[in-house]
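Structure at a glance
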Amino acid sequence: MTNVKNGEYRNILVNALVNLGDVVLTTSAIALLKQAYPKARITMLARPVVRQAVENNPVIDEVIIFDYKAKQNSFHKMMDMVKTIKSHYFDLSVSFDRKLRPALLCWLAGIPVRIGPDRVFDDKPSRVTWLYTKTIHIKHNLETTLQAETYQEIVRGFTGQTGHERPVFARIMPENEKKADALMATLPLTEKRIALCVKGTFPLKTWPKEYFVKVVDGLSKEYNASFFIVGAPGDRAYADEVIADMHVPVANFCGQTNLVDLAAVIKKSDLFVTVDTGATHIAATTRVPMVTMYGCTSPKRWHPINDNARVLTTDEPCCPCKCRADECPSNPKPNCLWHVTPDMVLKECYTLIPR
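The notes below deal with the structure included here. A quick note: this is a predicted structure, and the numbers were derived from the prediction, not measured. (Residues numbered from 1 in each chain as written. Predicted model: local features only at pLDDT ≥ 70, side-chain atom pairs only at ≥ 80, totals over all residues. Heavy atoms only, no water.)

Description of a nonpolar patch on the surface
In plain terms, the rule: Here a patch means residues that are over 30% exposed by relative accessible area and free of salt bridges, tied together within 9 Å if like-charged and within 5 Å if nonpolar (Val, Leu, Ile, Met, Phe, Trp, Tyr). In these tables, accessible area is a Shrake-Rupley quantity obtained with a 1.4 Å probe, and a residue counts as shielded only by the protein chains included in the view. When a carboxyl oxygen of Asp or Glu lies within 4 Å of a side-chain nitrogen of Lys or Arg, that pair is called a salt bridge. Helix and strand labels come from DSSP, where a helix needs a run of H or I of at least four residues and a strand needs a run of E of at least two; each type is numbered from the N terminus. Residue burial is assigned from relative accessible area. The probe radius is 1.4 Å, only protein chains are included, and a residue is buried under 20% of its type maximum, exposed over 50%, and partly exposed in between.
On the surface, a nonpolar cluster with roughly 380 Å² of combined accessible area is contributed by Phe-75, Met-79, Trp-107 and Leu-108. By secondary structure assignment, the location of Met-79 is in helix H3 (residues 75–88). Judged by relative accessible area, Met-79 falls into the partly exposed class, the value being 31%.

Encoded structure:
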């Protein structure tokens, strides 16, 4: 094993070709890697959709974007990427996703030390580990351990470190602050500004529309507050549907921010009420007071790493699950979502911001 104190590794490639929230969580492990090898240059192989989260990031020196589609014939793209990786002369690669493509790229590029986990998202065995020079055994229960800790355990298992770190998001720059201020200026002038994220990446993460209406009704009675919804461009139409049922004005900021603008907007908020999604983990890095409602996923694994975060779940016996909404036995009103009530959310909100 490499002597961490001597910091032999100087040029490290890390990869996580996964969703936004997971990529944000991997930065906690990259922070540990930076501690282990403080003289190393760390490059991240990432998908275009997460680029803004990892560029201009304090723990990442360079980003290589790998744009591909899983079902697309991308042999030429693969070989071009192999050439790019070879040209960097990396001496260590760390995989956080156990996917075939990045493992194959690193093997073909001849990176001499290639590490990755034997488990990261599920317990299924994978031959991808054959492409690693060292496979890190993850001993803990994946479903009851924070995902950020699973990523960090990969680094700890290789370096021998024992510490724990928090996710690190891209730096909020003056242009992001300016964009956030411009959006906030469109809201009514109030004492509190409350952000909402109303749509998850799939239906069993999306809390009922009528519940959001009741929460906004309750908050508007207790606080002199303005409200707005954040999200991706594809969330805008759904957010408009939610807003149409509201009894107070709610602005729709979906699609009006890039990822760093989003962090700046949330940082300027007094409260964030959200479903379990990528924005949840971005928000957590700002330390904003926040309440997250969980459906088919569990906060034991996906709790936002933020001392000001409160989470709600009813721990249904069928959860966590990976079934589609139409397969859920309690569809069309899944118990995991509908049993987390507006009163439960309001109670947590009231504890987070003074009335």
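Picking up after the structure, the text goes on.
Quick word on the environment of Phe-272
Basically, it comes down to this: Any two residues whose heavy atoms approach within 4.5 Å are treated as being in contact.
Within the fold, Phe-272 resides in strand E10 (residues 271–275). As for Phe-272 and Val-230, which are separated by 42 residues in sequence, their C-alpha atoms are 9.9 Å apart. The contact partners of Phe-272, leaving out residues within four places of it in the chain, are Ala-195, Leu-196, Cys-197, Val-230, Ile-266, Ala-279, Thr-280, Ala-283, Val-288, Pro-289, Met-290 and Val-291.

What about the pairing of strand E4 (residues 92–95)?
Filter applied, for reference: If DSSP finds at least two bridges between two strands, the strands pair. A clockwise course of the path from the first strand over the helix to the second, judged with the strands pointing away from the viewer, identifies a crossover as right-handed.
Side-chain alternation along E4 places Leu-92 and Val-94 on one buried face and Ser-93 and Ser-95 on a second face that is also buried. Bridge analysis of strand E1 (residues 11–15) against E4 gives 4 bridges, and the strand direction is parallel. Across the sheet, the residue bridging to Val-14 is Val-94, located in E4. When E4 meets strand E5 (residues 114–117), the two strands line up parallel, connected through 2 bridges. Residue Val-94 lies in a different strand from E5, and its bridge partner there is Ile-115. The parallel pair E4 and E5 is bridged by helix H4 (residues 100–108), and the resulting crossover is right-handed.

Comments concerning the packing of H3 against H4
Inclusion rule: Angles here are taken between N-to-C directions and fall from 0 to 180 degrees, while the axes themselves are lines fitted to C-alpha atoms, restricted in helices to the stretch in contact. Each angle is binned into one of four classes, with values under 35 degrees roughly parallel, values over 145 roughly antiparallel, values of 65 to 115 roughly perpendicular, and all other values oblique. Two helices cross in a left-handed way if the nearer one is turned anticlockwise from the farther one by less than a right angle. They cross in a right-handed way if the turn is clockwise. Amino acids are sorted into nonpolar (Ala, Val, Leu, Ile, Met, Phe, Trp, Tyr, Cys and Pro), charged (Asp, Glu, Lys and Arg) and polar (every other residue, Gly among them).
The N-to-C vectors of H3 and H4 enclose an angle of 55 degrees; their axes lie 9 Å apart at closest approach. The angle between H3 and H4 places the two elements in the oblique class. Between H3 and H4 lies a crossing of right-handed hand. Listed contacts from H4 to Met-78, Met-81, Val-82, Ile-85 and Lys-86 of H3 are Arg-101, Leu-104, Leu-105 and Leu-108. Of the residues in the contact of H3 with H4, the class split is 7 nonpolar, no polar and 2 charged.

Comments concerning the sheet that holds strand E12 (residues 309–312)
Each strand in a sheet pairs with its neighbour through backbone hydrogen bonds, running either in the same direction (parallel) or in the opposite one (antiparallel). Taking strand neighbours across the sheet as the criterion, the 6 strands line up as E9-E8-E7-E10-E11-E12 in an open arrangement whose pairing is parallel. Edge positions in the sheet fall to strand E9 (250–252) and E12, since each has one partner strand and no second. The sheet shows a mean angle of 20 degrees between the axes of neighbouring strands, taken without regard to direction. Running at roughly 160 degrees to strand E11 (residues 290–293), helix H13 (residues 342–352) makes contact with E10, E11 and E12 of the sheet.

Comments concerning unusual backbone geometry
At the junction of Cys-319 and Pro-320, the peptide bond is cis and its omega measures out at 0 degrees in the coordinates. Note on placement: Pro-320 falls in the loop between E12 and helix H12 (335–338). Going from Asn-331 to Pro-332, the amide bond is cis rather than trans, its omega being 15 degrees. Residue Asp-315 is not a glycine yet carries a positive backbone phi of 45 degrees. Tracing the backbone through its elements, the reader meets Asp-315 in the loop between E12 and H12. For Asp-315, a relative accessible area of 52% puts it in the exposed group.

A word on the pattern of salt bridges
If the charged atoms of two oppositely charged side chains come close together, the side chains can form a pair. Overall, the coordinates contain 16 salt bridges when judged by the stated rule. Salt-bridge contacts for Glu-62 lead to Arg-41; the nearest nitrogen and oxygen are separated by 3.3 Å. Residue Glu-62 is located in strand E3 (residues 62–65), and its partner Arg-41 is located in strand E2 (residues 41–46); the two are separated by 21 residues in the primary sequence. Accessibility expressed as a relative area gives 40% for Arg-41, which makes it partly exposed. Taking the shortest distance from any N to any O, the salt bridge between Arg-324 and Asp-326 comes out at 3.3 Å. Three or more residues are tied together by salt bridges with common partners; here these are Glu-143, Arg-301 and Lys-322.

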